[in-house]
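Overview (structure and organization)
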Amino acid sequence: MSGYVTTRAQLYLREEDRCWSSSCQLSSQLQKRQASRSLQGTMNAIVALCHFCELHGPRTLFCTEVLHAPLPQGAGNEDSPGQGEQAEEEEGGIQMSSRMRAHSPAEGASVESSSPGPKKSDMCEGCRSLAAGHPGYISHDKETSIKYVSHQHPSHPQLFSIVRQACVRSLSCEVCPGREGPIFFGDEQHGFVFSHTFFIKDSLARGFQRWYSIITIMMDRIYLINSWPFLLGKVRGIIDELQGKALKVFEAEQFGCPQRAQRMNTAFTPFLHQRNGNAARSLTSLTSDDNLWACLHTSFAWLLKACGSRLTEKLLEGAPTEDTLVQMEKLADLEEESESWDNSEAEEEEKAPVLTEGVEGRELTQGPAESSSLSGCGSWQPRKLPVFKSLRHMRQVLGAPSFRMLAWHVLMGNQVIWKSGDVDLVQSAFEVLRTMLPVGCVRIIPYSSQYEEAYRCNFLGLSPHVQIPPHVLSSEFAVIVEVHAAARSTLHPVGCEDDQSLSKYEFVVTSGSPVAADRVGPTILNKIEAALTNQNLSVDVVDQCLVCLKEEWMNKVKVLFKFTKVDSRPKEDTQKLLSILGASEEDNVKLLKFWMTGLSKTYKSHLMSTVRSPTASESRN
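Residues numbered from 1 in each chain as written. Predicted model: local features only at pLDDT ≥ 70, side-chain atom pairs only at ≥ 80, totals over all residues. Heavy atoms only, no water.

Formally: UniProt positions are given in the numbering used here, feature names are shortened, and annotations may be inferred rather than shown by experiment.
As recorded in an unreviewed UniProt entry, the protein goes by the name Folliculin, listed as coming from Macaca fascicularis. Its UniProt record gives the protein the following Sequence similarities (unreviewed entry) comment, quoted word for word: "Belongs to the folliculin family."

Below, the structure is given as structure tokens:
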């Protein structure tokens, strides 16, 4: 059987070699289309169901492709505009999210000569999905004005060539061990393919099973690889459903007329003569589902829609921000730490093989826990839905004076301590407050059973019974938020959005150096409060304003860092620079010095290397 398959597959591949040149031209056209057209909530791909016929080899049974509005002329079988408009006016058809109507056939009696598909004489029941003259299926997505068209073969000859070659490769040379499972193949010229091969039970087939594959073809390799986990799960679900239906039919047929005993009695009859009776069976017959192709169209169209919606492309222009650089550095540090921990663990196993598994397990879990508590940005996430939904929400809950005091200490880099028995509330508060700072300035210990010094963290969560040292309570460089059980449910201002979960709490904000109400404060704090009090601005707009404000002040930090740390200018020149930057006030100067600690190592090393270079020294002289 394996020699037969290999010989036939090689023959089909040789027959398809003449189509590779035309597919090269198509790939460039598809790339141009992708460059000039946005994804619009879907991905430019084709999903197809393929079958290895025992008489004709690999065949495409059913495929679904994406057509962006307006429907191009010639799509679907080069119907005239009048026929296309008439088809769109029909109200009948299958329903899927939006409307689905009959589409012009990919191959039919009237256009058989111009169809890119195989001739009727080269097809059997196992090679055919839709009957001759069947109009196919089409789904309309009203949100994106996109059409999902399904028929047996793509209507465009060059698309047919690409799908045909992917079909042949998925059922011949590009297969997993055991001939069942997912695999990825392709190239830049002919597209990239996610293929999942599988077997369908058939009591009349050789080995009592037939070979199929579901393939997804697109030109974007990175997009397809990133979609692998999603496609694998959803395609596996479609395959399980097909195999389950076919298994029921197979068991019913075997119960009525067992084929294994019948074949044993005719063991000396040549198989080629034996299979002429009913060797080719359609998939609808194997699954006993007359609506199989309509269901497959629904599944394939949803797959294209959902897979395109889950990933969003972002175009980044200009140099990366400091937050981006710091996040990349933290990720690299975590990877190095993980590798070093794995290496040290391996060395310990070699040196001390007598250690029990329990001891090793405890040591392994203690290391990452200690490091992750101080890793700062991105080391933890809220476990449940956020209690504080935004800065505006927190300001409404705490009240304007308390929020201003808290925000002032956050921006100045002072230690912010929350004492509460609700861990989720504390973590949600830190998740909201950290948005006011650059990523490099954030050092969080989410929840601790003992007090941690300010040099270790500027955000600290404590349980209610933890004692805070007296010098911290009276310090002007710390602010404490104590969460107590409220005596009644109306302690914080009316008008808070979704404050049902917060109505049982009372928040007390204290500090050794309370911010006076008439104090000007840092400029960025005044702008943040102005944005929060402006009800015409939505939460998303306020978030974007905060991003712009942080970027503006980080640029000032960069200028000050180069001026003072790199160029070593005198104090008088620094004061002039601060006046030019509009940051000569005391609070603004403190803020700039604290934010300077959040600069990325990449930026600092770049400046230092520039200063040490010979060209830089010559230009300064």
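1. Points about the overall build of the protein
The following threshold applies: Only DSSP runs of H or I reaching four residues or more are called helices, and only runs of E reaching two or more are called strands; each is numbered from the N terminus. Buried, partly exposed and exposed residues are distinguished by accessible area as a fraction of the type maximum, computed with a 1.4 Å probe on protein chains only: under 20%, between the cut-offs, and over 50%, respectively. Every residue pair with non-hydrogen atoms within 4.5 Å of one another is taken to be in contact. The Shrake-Rupley method, run with a 1.4 Å probe, gives the accessible areas here. Residue values count only the displayed protein chains as cover.
Each helix and strand counted, the protein has 23 helices and 14 strands in total. When burial is assessed residue by residue, the protein has 46% of its 621 residues classed as buried. Partitioning the contacts of the protein with sequence separation of at least 6, the portion at a separation of at least 24 is 73%. Within the structure as shown, the protein displays about 31,900 Å² of accessible surface, and the carbon and sulfur contribution to it stands at 54%.

2. Here we look at the packing of aromatic side chains
Test applied: Each Phe, Tyr or Trp ring (for Trp, its six-membered ring) is paired with any other whose centre lies within 6.5 Å, and the angle between the two planes then decides the class: stacked below 30 degrees, edge-to-face above 60, tilted in between. Two limits define a charge over a ring: the Lys NZ or Arg CZ must be within 6 Å of the ring centre, and within 35 degrees of the ring normal.
Scanning the entire structure with this criterion turns up 13 aromatic pairs. When the centroid spacing of 6.0 Å and the interplanar angle of 20 degrees are considered together, the rings of F198 and Y212 count as stacked. With F198 in strand β8 (residues 191-201) and Y212 in strand β9 (residues 209-218), the pair connects residues that are 14 residues apart, well separated along the chain. Exposure remark for F198: the relative accessible area of 0% places this residue in the buried category. A residue is classified by how much of its surface remains accessible, and Y212, at 1% relative accessible area, is buried. Ring centres of Y505 and F507 lie 6.4 Å apart, and the angle between their planes is 65 degrees; on these two criteria the pair is classed as edge-to-face. Each member of the pair, Y505 as well as F507, carries the same accessibility label: buried. In this structure an aromatic cluster arises from ring pairing among F388, W418, Y505 and F507. For the cation-ring pair, K558 lies above Y603, with the distance from its terminal atom to the ring centre recorded as 5.2 Å.

3. Brief notes about the sheet that holds strand β11 (residues 444-448)
Going by this rule: The pairing criterion is simple: DSSP has to find at least two bridges between the two strands. The convention used is that axes are lines fitted to C-alpha atoms, helices contributing only their stretch in contact, and that angles between N-to-C directions extend from 0 to 180 degrees.
Read across the sheet, 5 strands follow the order β11-β12-β10-β13-β14 without closing on themselves; strand pairing throughout is mixed. In the strand order of this sheet, the two ends are held by β11 and β14 (505-511), each with one partner. Averaged over all pairs of adjacent strands, the angle between their axes in this sheet comes to 15 degrees, without regard to strand direction. For strand β13 (residues 478-485) and β14, the ladder comprises 7 bridges, and the chain directions are antiparallel. In the sheet register, V481 faces β14, and the bridge partner there is V509.

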